[in-house]
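Structural description and commentary
Below, each chain spelled out in residue letters.
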Amino acid sequence: MKKKPISIIGMPLDLGQGRRGVDMGPSAIRYALAQQMLIDLGYEVEDLGDLHVPSPESIKIGDPHLKYLDAIRHVNEELANTVSEVVTKGRFPLVFGGDHSMAIGTVAGVAKHYRRLGLIWFDAHGDLNTGETSPSGNIHGMSLAISLGLGHSDLVQIGGFAPKVLPEHTVIIGARELDLGERQLIRELGIKVFTMHEIDRIGMAKVMEEAITIASNGTDGVHLSLDLDGLDPNDCPGVGTPVPGGMTYRESHLAMEMLAESKILTSAEFVEVNPILDRENHTAQVAVALMGSVFGKKVL
């Protein structure tokens, strides 16, 4: 990857899911020396600090099918503007989270500049629910659907346009827990999903070859949205919605190394690091290690 200067943005958002602690994810990732690792790789790095997010205790949940809708819309609008400013300056936006509802803002900010945006979504879940299909009402399970133009208009229209990405440019990798409505939507839209079955059967190298082809075919940029629960809980215990049987540490590194070699990424976010549920900041350390592979770190 060309050493474009990097701007780190912290998004301490925990309104989109039901387990507290993920708001401390950006601090945990910083504590794992993310910035120094990138500097050691030869990048010029600035840290823009954390955006302000209200605490759940200070606001009302509102609609139980779309919990904290107004606050999540507001903070994602701010995130979209911040990401857009970073891209305007010719820098690479790297966002630390925070629950996965933050992808609504990250993708919106990037898509303003890359109108044919490709999207690679590493996650145990589909995040393809809407207020009508979500079993929980937690918006972190709706963020990909919203980026595809499906869901509540207040979220879909962040940035003033929709959709942000198209199904044919979107790839989900590592899925192993999908709700009924998500499975139906995947079939209807034709989204390419590499479940753990495909990873086990054909291997991560083949999966990534196909994913890179899909996300880069006819697009002018590719965003990486990596939820740490895509990895197996044995490797990443500090996540709010762990699902057994996930990607291994080494499989995940191979995926990031292949993305680095492809030179297609224009932006990235690492989300759902929850230090309260972690062991000695291990999950944040894994996140930083994977960032290293994304930005070109090699053994030899």
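All of the points below concern the structure found in this document. Remember, it's a predicted structure, so these values are computed and weren't measured experimentally.

Cut-offs used in this document
Residues numbered from 1 in each chain as written. Predicted model: local features only at pLDDT ≥ 70, side-chain atom pairs only at ≥ 80, totals over all residues. Heavy atoms only, no water. Buried < 20%, exposed > 50% of the residue type's maximum accessible area, 1.4 Å probe, protein only. Helix = DSSP H or I, 4+ residues; strand = E, 2+ residues; numbered from the N terminus. Pairing = 2+ DSSP bridges. 1 Å grid on protein atoms, 1.4 Å probe; cavity = no way out; pocket = protein on both sides within 12 Å on 5 of 7 lines; lining within 4 Å. Points joined across faces, edges and corners; volume = space filled by probe spheres on them. Nonpolar A, V, L, I, M, F, W, Y, C, P; charged D, E, K, R; others polar. Phe/Tyr/Trp six-rings, centres within 6.5 Å; stacked < 30°, edge-to-face > 60°. Lys NZ or Arg CZ within 6 Å of the ring centre and 35° of its normal. Salt bridge = Lys/Arg side-chain N within 4 Å of Asp/Glu carboxyl O.

**A few points about the pairing of strand E7 (residues 221-227)**
With 7 of 7 residues buried, E7 lies mostly within the body of the structure. Of the two faces of E7, the one holding Gly-221, His-223, Ser-225 and Asp-227 and the one holding Val-222, Leu-224 and Leu-226 are both buried throughout. In this structure, E7 lies alongside strand E8 (residues 265-271), joined through 6 bridges in parallel fashion. Each bridged residue has a counterpart across the sheet, and for Leu-226 the counterpart in E8 is Phe-270.

**Examining the layout of surface pockets**
Size it by volume and the largest pocket reaches roughly 280 Å³. Surrounding the largest pocket, 18 residues form its lining, His-125, His-140, Gly-141, Asp-179 and Thr-241 being those nearest its centre. A per-class count over the lining of the largest pocket returns 1 nonpolar, 9 polar and 8 charged.

**Here's the deal with the packing of aromatic side chains**
The full count for this structure, using the stated rule, is 2 aromatic pairs. Here Tyr-43 and Phe-295 contribute two aromatic rings whose centre-to-centre distance is 5.4 Å and whose plane-to-plane angle is 80°, an arrangement assigned as edge-to-face. With Tyr-43 in the loop between helix H2 (34-40) and strand E2 (45-50) and Phe-295 in the segment after helix H11 (282-294), this pair connects stretches of sequence that are 252 residues apart. The two residues Tyr-43 and Phe-295 agree in class, both being buried. Three or more aromatic residues link up through ring pairs in this structure, and these residues are Tyr-43, Phe-92 and Phe-295. We note Lys-3 situated over the ring of Tyr-43; from NZ or CZ to the ring centre the distance is 5.2 Å. Over the aromatic face of Phe-161 sits the side chain of Arg-115, whose NZ or CZ is 4.2 Å from the ring centroid.

**As for the pattern of salt bridges**
Following the criterion strictly, the structure yields 8 salt bridges and no others. The shortest N-O distance in the salt bridge between Arg-91 and Glu-44 comes to 2.8 Å. Placement of the pair is Arg-91 in the loop between helix H3 (69-88) and strand E3 (92-97) and Glu-44 in the loop between H2 and E2, with a sequence separation of 47 residues. Sharing partners across several salt bridges, the network here consists of Asp-14, Arg-20 and Glu-57.

None of this, on its own, says anything about what the molecule does.
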